Structures are given as C-alpha cells and as structure tokens.
Amino acid sequence: MVNQFQIKKALFQNHINERFSFSLNYQGNDFQGIYHDGVINWFNPHPLNKIESQQLGKIESSVTNKMNRLLVSS
C-alpha cells in the first residue's frame with residue numbers, strides 16, 4: 001500500500017514535545033507529515049487533495065502501525 005516509508009528525523013528530541021517527521025510515497029505521490037501519539041499532521045500537499053478519504057484512513061492506519069513498530073523497537 002505505502003511505498004518508501006521513512007522517518008526523517010525526531011523533532012524536539014528528548015523533550016516532552018518530541019515528534020517524528022516522516023515521508024512516504026503512495027501511487028507515485030510524495031507526502032510528508034508529523035506523527036505524535038497516534039495523530040498525523042500532514043504537510044502540503046495534503047493527501048486529501050489526491051486520495052479519497054476512505055483510502056487515506058487506510059494509509060494513516062498503516063503509518064500509525066509502522067511508527068509504533070519503529071518507535072517500540074528503538
């Protein structure tokens with residue numbers, strides 16, 4: 001579903017406001033966002049401009065699962 005997912009960097013590392021910047025490619029479109037406590041804030045372009053909301057929900061679920069696995073293992 002999601003191609004080329006990667007965590008770009010931790011923002012505010014080792015602080016209470018720590019967040020993780022990520023990027024992904026879906027159907028040839030590149031998207032970026034910030035992940036924190038299960039919430040994704042998307043940068044522009046927002047995926048809803050190119051993807052239906054039902055499909056975006058599946059992508060966000062996939063991102064959340066990947067982030068949880070990566071963060072637990074680190």
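Chemist: Any details on the overall build of the protein chain? Residues and values, ideally.
Modeler: The secondary structure content of the protein chain amounts to 1 helix and 4 strands. Taken from N to C terminus, the helices and strands of the protein chain fall in the order β-β-β-β-α. In the protein chain, which comprises 74 residues, the proportion classed as buried is 31%. Entry remark: accessible area of the protein chain is about 5000 Å², with carbon and sulfur atoms responsible for 45%.

Chemist: Let's hear about the packing of aromatic side chains: which residues, and what values?
Modeler: Under the definition given, this model contains 3 aromatic pairs. An angle of 75° between the planes, with centres 6.4 Å apart, marks the rings of F31 and W42 as edge-to-face. Note that F31 is positioned in strand β3 (residues 29-36) and W42 in strand β4 (residues 39-42), a separation of 11 residues in sequence. Among the aromatic residues, those joined into a cluster by ring pairs are F5, F22, F31 and W42.

Chemist: Which residues make up the confidence of the model for the protein chain, and what values go with them?
Modeler: In this model, the protein chain carries a mean pLDDT of 85, and residues with pLDDT of at least 70 account for 88%. Element-level mean pLDDT values for the protein chain span from 77 in strand β1 (residues 3-11) up to 94 in β4.

Chemist: Give me the lowdown on the nonpolar core, citing residues and values where you can.
Modeler: The biggest cluster of nonpolar side chains holds 15 residues, and the ones touching the most others in it are F5, F22, L24, W42, I59 and V63. At the level of elements, β2 (19-26), β3, β4 and α1 (53-73) are the ones that each hand at least two residues to this core. Not counting residues up to four positions away in its chain, the partners in contact with W42 are F22, L24, F31, Q32, G33, P47, L56 and E60.

Chemist: So, the pairing of β4: which residues are in play, and what are the values?
Modeler: Residue alternation in β4 divides its side chains into a buried set, I40 and W42, and an unburied set, V39 and N41. Strand direction decides the pairing type here: β3 and β4, joined by 4 bridges, are antiparallel. Residue pairing for β4: Y35 is matched across the bridge by I40. The turn joining β3 and β4, which pair antiparallel and follow one another in sequence, is formed by 2 residues; a positive phi near 50° is taken by D37.

Chemist: Explain the environment of F5 to me, and be specific about the residues and the numbers.
Modeler: Of note, F5 is situated in strand β1. Looking at F5, the relative accessible area reads 18%, which means it is buried. Each C-alpha atom of the pair F5 and S23 lies 5.9 Å from the other, and the pair is 18 residues apart in sequence. Ignoring any residue separated from it by four or fewer positions in sequence, one finds F5 in contact with F22, S23, L24, V63, K66, M67 and L70.

Rules used in this analysis
- Residues numbered from 1 in each chain as written.
- Predicted model: local features only at pLDDT ≥ 70, side-chain atom pairs only at ≥ 80, totals over all residues.
- Heavy atoms only, no water.
- Helix = DSSP H or I, 4+ residues; strand = E, 2+ residues; numbered from the N terminus.
- Buried < 20%, exposed > 50% of the residue type's maximum accessible area, 1.4 Å probe, protein only.
- Areas by Shrake-Rupley, 256 points an atom, 1.4 Å probe, with all protein chains shown as cover.
- Phe/Tyr/Trp six-rings, centres within 6.5 Å; stacked < 30°, edge-to-face > 60°.
- pLDDT = per-residue confidence, 0-100.
- Core = buried A, V, L, I, M, F, W, Y, C linked by side-chain atoms within 4.5 Å.
- Contact = heavy atoms within 4.5 Å.
- Pairing = 2+ DSSP bridges.

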